[in-house]
Amino acid sequence: MTSMSRARVARRIAAGAAYGGGGAGLVGAAVVGLVLAEVRLARRQLGNGLSDRVPSADGVYGRAYDIPGEPPLRLAMLGDSTAAGQGVHRAGQTPGALLASGLAAVAERPVELRNVAVTGARSDDLERQTGLLLSAPGPVPDVCVIMIGANDVTHRMPPAQSVRHLSTAVRRLRTAGAEVVVGTCPDLGTIEPVQQPLRWLARRASRQLAAAQTIGVVAQGGRTVSLGDLLGPEFEANPRELFGPDNYHPSAEGYATAAMAVLPTVCAALGLWPEEERPDASRREGFLPVARAAAEAAAEAGTEVTAAMPAGPRGPWALLKRRRRRRVPEAEPATPSV
């Protein structure tokens, strides 16, 4: 599918989300059902009874940067098992801990992490997760990172409904004063046990949803980062290294790769990234109609999309950036929050 075709599909799904319709299907319902069945079978075959327990990483990172009288930055994680960190055994290997440690190093300031993500969550659970954050005592998080979408595809949630739930969560968090970065739907087409042609169909569905998510998030003032490489070409090339023991969730190295892709955008959202904001033509960055930017980002992991310019005759525009990734430092043990 070409970039322009993906843009048209993404616009149609996003329009369905905005106006309350069911939206166009990602691919035929029967086809997605086959993908769902094969993924579930693969997980049963390869999981070998692995525990669904996710290590708790909540707490304060970067205590060495503590300045008396200055509160820590507040980072929140929302979403599914990818955001929670299922598949690793130590808290410091989860994406939340890695992002908190990386953010603390860049900001030279402690970072307090709270993770409300839940294994198996779909986008309709974001209302509950957002409520947990906004109803908690204390200040609103400075930045929220959402990773969601894979379960929406495999459980056949209508794509417009999926985008509507995500957009609502982003709007609530932005209205409360938090910056929001969304890691869009990862590429399910490279889950090792899923065979062709279902792998191609799963990839197509994943990318279409990722592009539609981007349109919805940008419209609400958030930023997106494509997570195609989370289960994408890099993982396909190194499945034994970058997939976890169940061949479905990432390993510690895989989560570090994902955190490295998201960290620059988290820092940029907080005004901490030293790069020039002008697009770099040599890196194929630039201002594009938001649907086209969303489609291009869905095809290349690590690509950031954020709102730019007032809407014109061709609709809203966005800035597409391919930020230089920084190595994410290994997460230290967190100091529990009090």
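Residues numbered from 1 in each chain as written. Predicted model: local features only at pLDDT ≥ 70, side-chain atom pairs only at ≥ 80, totals over all residues. Heavy atoms only, no water.

Draft legend 1. Seen up close, the confidence of the model for the chain. When the pLDDT values of the chain are averaged, the result is 79; 69% of them are 70 or greater. Of all secondary-structure elements in the chain, the lowest mean pLDDT belongs to helix α10 (residues 239-242), at 45, while strand β2 (residues 73-79) reaches the highest, 98. Per-residue pLDDT stays below 50 along residues 22-30; that stretch engages in 19 contacts with residues further than four places along the chain or on separate chains. (pLDDT = per-residue confidence, 0-100. Helix = DSSP H or I, 4+ residues; strand = E, 2+ residues; numbered from the N terminus. Contact = heavy atoms within 4.5 Å.)

Draft legend 2. Up close: helix α5 (residues 126-135). Residues of α5 that are buried include every one of L126, Q129, T130, G131 and L133, and no others. Turning to α5, the residues buried within the fold contact β2, β3 (111-115), β4 (143-147) and α7 (159-176). (Buried < 20%, exposed > 50% of the residue type's maximum accessible area, 1.4 Å probe, protein only.)

Draft legend 3. Seen up close, the packing of helix α4 (residues 95-107) against helix α11 (residues 252-269). In contact at an axis separation of 9 Å, α4 and α11 are set at 45 degrees when each is read in the N-to-C sense. In terms of their interaxial angle, α4 and α11 are classed as oblique. Crossing of α4 against α11: the hand is right-handed. For the pair formed by α4 and α11, the contact residues are P95, L98, L99, G102, L103 and V106 on the first element and Y255, A256, A259, V262, L263, V266 and C267 on the second. Residues belonging to the contact of α4 with α11 are distributed by class as follows: 12 nonpolar, one polar and no charged. (Axes fitted to C-alpha atoms, helices over the stretch in contact; angles between N-to-C directions. Parallel < 35°, antiparallel > 145°, perpendicular 65-115°, else oblique. Left-handed = near helix turned anticlockwise from the far one by under 90°. Nonpolar A, V, L, I, M, F, W, Y, C, P; charged D, E, K, R; others polar.)

Draft legend 4. Representation of the packing of α5 against α7 within the structure. Here α5 crosses α7 at 10 degrees, and the two axes come no closer than 9 Å. Here α5 is positioned roughly parallel relative to α7, judged by the angle of their axes. As α5 runs across α7, the sense of the crossing is right-handed. Taken together, the residues of α7 that come into contact with α5 (itself represented by L126, E127, T130, G131 and L134) are H165, L166, A169, R172, L173 and A176.

Draft legend 5. Molecular detail of the nonpolar core. Counting residues in each nonpolar core, the largest one holds 32 residues, and the members touching the most others are L75, L99, L103, V145, V181 and V262. Mapped by element, the contributors of at least two residues to this core are β2, α3 (81-84), α4, β3, β4 and α11. Beyond its immediate sequence surroundings of up to four residues, L103 is in contact with L73, E108, V111, V143, L263, V266, C267, L270 and L272. Among the nonpolar cores identified, the runner-up in size contains 16 residues, and A76, C144, A169 and A178 belong to it. (Core = buried A, V, L, I, M, F, W, Y, C linked by side-chain atoms within 4.5 Å.)

Draft legend 6. Here's a closer look at the pairing of β2. Counting buried residues along β2, seven of its seven residues qualify, which places the element largely inside the surrounding structure. By the alternation rule, side chains of β2 split into L73, L75, M77 and G79 and R74, A76 and L78, which are all buried. Pairing between β2 and β3: five bridges, direction parallel. Paired with L73 across the two strands is V111, which belongs to β3. Alignment of β2 against β4, held across five bridges, turns out to be parallel. (Pairing = 2+ DSSP bridges.)

Draft legend 7. Inspection of the environment of T265 at higher detail. By the element assignment, T265 lies in helix α11. When the C-alpha atoms of T265 and T224 are compared, they prove to be 8.2 Å apart, with 41 residues separating the residues in sequence. In this view, T265 contacts V181, R223, V225, E304 and R323; residues no more than four positions away in its chain are not counted. Within the structure, the side chain of T265 is placed 2.8 Å from the side chain of E304, a separation counted as a polar contact. (Polar contact = N/O pair within 3.5 Å; in protein donor to acceptor, adjacent residues only side chain to side chain.)

Draft legend 8. How the structure looks around the pattern of salt bridges. Using the criterion set out here, one finds 10 salt bridges in the structure. Salt-bridge contacts for R128 lead to D125; the nearest nitrogen and oxygen are separated by 2.9 Å. On the accessibility criterion, R128 (41% relative accessible area) is partly exposed. A relative accessible area of 18% places D125 in the buried class. What emerges from the salt-bridge pattern is a single network uniting R283, E285 and K321. (Salt bridge = Lys/Arg side-chain N within 4 Å of Asp/Glu carboxyl O.)

Draft legend 9. Representation of α4. With 13 residues, α4 extends 18 Å between its outermost C-alpha atoms, agreeing within 8% with the 18 Å of an ideal straight helix rising 1.5 Å per residue. Burial analysis of α4 places 10 of its 13 residues in the buried class, the great majority of the element. Those residues of α4 that fall on the buried side of the exposure criterion are P95, G96, A97, L98, L99, A100, S101, G102, L103 and A104. Turning to α4, the residues buried within the fold contact β1 (59-61), β2, α3, β3, β4 and α11. Among the residues trailing α4, E108 stands out with phi positive, at a value near 50 degrees. (Expected span 1.5 Å × (residues − 1).)

Draft legend 10. Broad picture of unusual backbone geometry. For R156, which is not a glycine, the phi torsion comes out positive at approximately 60 degrees. Of note, R156 is situated in the loop between α6 (150-154) and α7. Residue class for R156 comes out partly exposed when judged on its relative accessible area of 47%. Even without glycine at this site, R284 takes up a positive phi of about 60 degrees.

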